Amino acid sequence: MGASKQLAIWCVVLCGGAVARADNAPPPPQAVPTASPGDDGNTEVITITDKTEAQKLFEARAPVTVITRKDLEVSGHATLGDILQALPSQANAGNAQVNEGGDGATRINLRGLGAARTLVLINGRRMVPGGPGADSSVDLNAIPLAMIERVEVYKDGASTLYGADAVGGVVNLITRPQYDGVDVTLLTSTTQHGDGSEIDGSFVTGFTTDDKDTYLVVSGGYQHHEPVFAGDRHFSAVQRSFDFATGKETHTLSLTGPSGRLDTTSLGPGGLQPQGCTSTVCKPDGHGGFTNFGTGDLYNDAANDYVYTPSTRYNVFATGGNRLNDHMTLFVEALYQHRDSSRQLSPVPFDANAVISKDSIYNPLGGDIGDYRLRLTQAGDRQFIDNVSTIRFVGGVTGTLPFDSGPFKQWNYELSYTFGQTKEEIGTTGQLLTNRLADALGPSMIVNGTPICVSRPGDPSSQIIYKIGLVPTIPCVPLNLLAGNGKIPAAQLKNLTFKDAGSGSDEQGTFLATTNGRLATLPHHGEVTMVAGVDYRSEDGLSSPPSVASSGDSTDNQAKKTEGDYHTYEGYAELTVVPIADDPIAHRLEFDLGARVLDHSKFGSELTYKAGGLFRTVQGLAARATYATAFRVPTFLDLLEGQTERMPFVEDPCDTAPPSAGGGTRALSATAQAQCTAQNVPAGSRFNTSQQTSLIGGNAALKPETAATATAGIVYEPPQLPGVAVSADYWHIRIDHAIETLGVATILANCYGRGEQAFCKLVQRDFNSHRITAIDQSPQNVDHTATSGLDVALAYDARLEGFGRVHAALDGQYLVGYDLATGNQTIHGAGVYDLGAFPRLRANLATQWSHPGGAAGGFTLRYVGSFRECASDDCGAAHALSRDVGQYAKLDLFGGYDFRSRLGKTSVQIGVNNVFNITPPLVYNAPSANSDATTYDFVGRMAYLRMSQQF
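Residues numbered from 1 in each chain as written. Predicted model: local features only at pLDDT ≥ 70, side-chain atom pairs only at ≥ 80, totals over all residues. Heavy atoms only, no water.

## A few points about the nonpolar core
As a reminder, the rule being used: By convention a nonpolar core is built from buried Ala, Val, Leu, Ile, Met, Phe, Trp, Tyr and Cys residues, the set being connected through side-chain atoms within 4.5 Å. For each residue, the accessible area found with a 1.4 Å probe, counting protein chains only, is set against the maximum for its type, and the residue is called buried under 20%, exposed over 50%, and partly exposed in between. Strands here are runs of E lasting at least two residues and helices are runs of H or I lasting at least four, both read from the DSSP assignment and numbered beginning at the N terminus. Should any heavy atoms of two residues lie within 4.5 Å, those residues are considered in contact.
In terms of nonpolar packing, the biggest core is built from 33 residues, with Ile735, Ile747, Leu748 and Tyr752 touching the most fellow members. Among the elements of the structure, helix H9 (670–678), strand S35 (724–736), helix H10 (744–753), helix H11 (757–760), strand S38 (772–776) and strand S41 (804–821) are those that each provide at least two residues to this core. Tallying contributions element by element places H10 first for this core, with five residues. Once you skip the residues sitting within four places of it in the chain, isoleucine 747 turns out to touch Leu742, Phe759, Leu762, Val763, Ile775, Asp776 and Gln777. Counting 30 residues, the second largest nonpolar core, distinct from the first, contains Leu87, Leu140, Phe317 and Leu335.

The following block contains the structure:
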């Protein structure tokens, strides 16, 4: 962009050109929040942050979902992430149910466009990203639930006001306003299995001075959640495979078990058939001999995995303000939270990672053993431990501009600085050092009664020693893998196992200046208002994976360091023109125009814009529409992520005997066979693997993406039915040059199903074994990603004489389309599992009833529609084989009572979530646990008790 164009853009923004206030999302609220005007206790009034007066829910100019504090309290959950992930507009975000490949964080992914495209704010200001380091999205559970007053979800995108991170939408968390007194809450819950128990204790206290000039609100809390094991739930107790051709399900057990498995065909020259074993597949008998390996020796490597990961959190949050004079108020916010969480996998497998030398003193067979497999249960389960600390500080001044007349009379302003930092320490246990393992299985001999490793058989002077970094010299101890289950001496394993450690961080700093107010009044009760602002933001990210894993010398997935930083200067302005208000026919006519300019330190300058309108009649009918553009640069991980290994569940397309064949064989298609032959894979190859290694790393050649969002809808609040409101909104989002990480199944399907060589080049194979060694999953700019759908909302709120207050709300989404166009093909994701869980229909129905006498109750019904999953996640293939994933519905019930005494109000609430203990539908192509952890409840029926005391 040329200098003259940049100057023109900055002039538009800073000089107050024809640009406008954002739809519903606004400048941050005043530093000293007060009760919403107009809330007389008889009607539910929800304040949208960008309005200076109260605004009821359905009056926004674009689709908005508001979750009140009461909604949060009756959920039965102690963390924000577990609640927000149930939103119909949210899809495929990581959470505490994601064990393998997770990081302990819970995120939100509006419209399923990626968590990095959803912006999370606290009181209208940014929240620092969280996770293992160099992250691109916020960990929702880093924000204490006790301090949240309500959650506002803007589903039309708000890039003009907040920046390009808001392509999918904005989640704005509003904290509790001024509070006088003490509120102490205890929540405890457990499942019907007695596992997954949770305890949460929190308090909120505060004061406001008599002159209302000073206030302080402080909260603190502790939360602990126990794990749920896959083996304790029927759907996840064993890994399952599905043959889409025959419709047959197979339980996939590992060939690598604690008993050991020797393939005698792998014995090198001079090898002898093990005595006592009459098969080509043998196992140690524990007494120095061998016997036949049978199906009973197969290992269930899923049972010890978590399907809900354990965590412990404690936090402190404070907000305060002091009015300095009539035009200026000082305000601060401070947050600290610490999380300890872990993930767990079955004990490390030794499966042909190294050859057992014919010259090992523990090899009685006389030849090199090339295929021996053993599950090292003696090393314990593999643990991945996350210790995360988050701090956030906001300080600034807010108030009204000191003008008694003129166009800027009574304008509000804010000057603030926000600093946030997340630091994580990462630990792993239960892995093996592969270089030491190879030496321990190499040549060895006994000298003076002591087994030693040697590089030259018969020569004790060639003993192998180790010196890694500052670790003292360690002698190599020969390893007897053939000893039998549990009989390997501890001294032999001592120098092979280790504890690894890494670290990561995210740091964010933002200077913000905003102002908003009325520019002019117009005839017919109209007005012209404006909001404008500028900000400077810096971001730093660092991810240093565990050091031994980074070296590639362990059985852990290899990962490399990621480090980067950038800064942006941004300015925005939005203008709202209301030419008519309170007219006998037109209750309100409103037009909005907005623009935002940014100057990125690595990608230059860009301009985005937005336009919208609202027309509301006196008969309760309203029409609304918006159109906005966005510009989003690649994240740290997109550009700079050090190459990281992953192990997704997917079968090798060249495997004629995959686990899904249930011990049988399958024939390859002509296209698949041609590609396998081109990669030198012998016809009839059998690999019997359900996981492959993929490599994800940064792509320095990535370019920014651009987006356009459009919404159009109607709202009806019939005057004849007070308390009833209905809305329907169509939305469409298209992202050009979209930055996407294609799934492994998509890459394999395009190569072996369609013969596209660009995808075949991403698959690497071992020259000798012909197995897949790596699949390159680095992000790339694809042609576009587009999604569209219909949001429907229905609300009813009324006080019924003698019965109390009833509130009911239905929030639903119908997905019209979700397409990812790579340039060679378009993958249609709506209604299928090719791109993740994208059912056509999702909906939530929630009801609450409260009686003046103190009783209350209600229910929430969550619905997720059905979709198809296809062989190789390729429903777009000709004659694709598929199955239906059934619909899912979960009912939660609660009831409570408020007791009043001289001490204050005591509230007791009991509830049961997932009343009918509905298990998640099976999704065989899901990454793990035989279902989708980002879509369904894995825990099952859960009962909870919540007690609160207000003094």
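This is not the end of the story, as more comes after the structure.
## Topic: the sheet that holds strand S13 (residues 281–284)
To keep things clear, this is the line we draw: Only strands joined by at least two bridges in the DSSP assignment are considered to pair. Lines fitted to C-alpha atoms define the axes here, with helix axes fitted over just the stretch in contact, and angles between the N-to-C directions of these axes take values from 0 to 180 degrees.
If you walk across this open sheet you meet the five strands as S14-S13-S12-S19-S18, and the pairing is antiparallel. Each edge of the open sheet carries a strand with a single partner, namely strand S14 (290–292) and strand S18 (349–351). Across the sheet, the axes of successive neighbouring strands diverge by a mean angle of 25°, strand direction being ignored. Here three bridges tie S18 to strand S19 (residues 372–375), and the two strands are oriented antiparallel to one another. The partner of phenylalanine 350 across the bridge, within S19, is leucine 374.

## Let's talk about H10
Counting buried positions along H10 gives nine out of ten residues, so the element sits mostly inside the fold. Taken together, the buried positions of H10 are occupied by Val744, Ala745, Thr746, Ile747, Leu748, Ala749, Asn750, Cys751 and Tyr752. Against the buried residues of H10 lie H9, strand S33 (694–696), H11, strand S37 (763–765), S38 and strand S42 (826–828). Immediately beyond the C-terminal end of H10, within one or two residues, lies glycine 755, with a positive phi of roughly 70°.

## Some points on empty space enclosed by the protein
To keep it simple, the criterion reads: Lining residues are defined by having an atom within 4 Å of a point belonging to a cavity or pocket. Those points lie on a 1 Å grid over the protein atoms alone, cavities being sets where a 1.4 Å probe fits but cannot get out and pockets being open sets with protein on both sides within 12 Å along at least five of seven lines. Grid points are joined across faces, edges and corners, and a volume is the space filled by probe spheres set on the points. Residues were grouped as follows: Ala, Val, Leu, Ile, Met, Phe, Trp, Tyr, Cys and Pro as nonpolar; Asp, Glu, Lys and Arg as charged; and all remaining residues, including Gly, as polar.
For the structure on display, the rule yields 14 cavities of 30 Å³ or more. When its volume is computed, the largest cavity comes out at roughly 410 Å³. In this structure, the largest cavity is lined by 28 residues; those nearest its centre are Arg126, Asp165, Arg537, Glu539 and Tyr566. Secondary structure elements with two or more residues in the lining of the largest cavity: strand S2 (118–122), strand S27 (526–544), strand S28 (562–581), strand S29 (586–600) and strand S31 (621–632). In terms of residue class, the lining of the largest cavity is built from 13 nonpolar, eight polar and seven charged. In this structure, the second largest cavity spans a volume of roughly 300 Å³.

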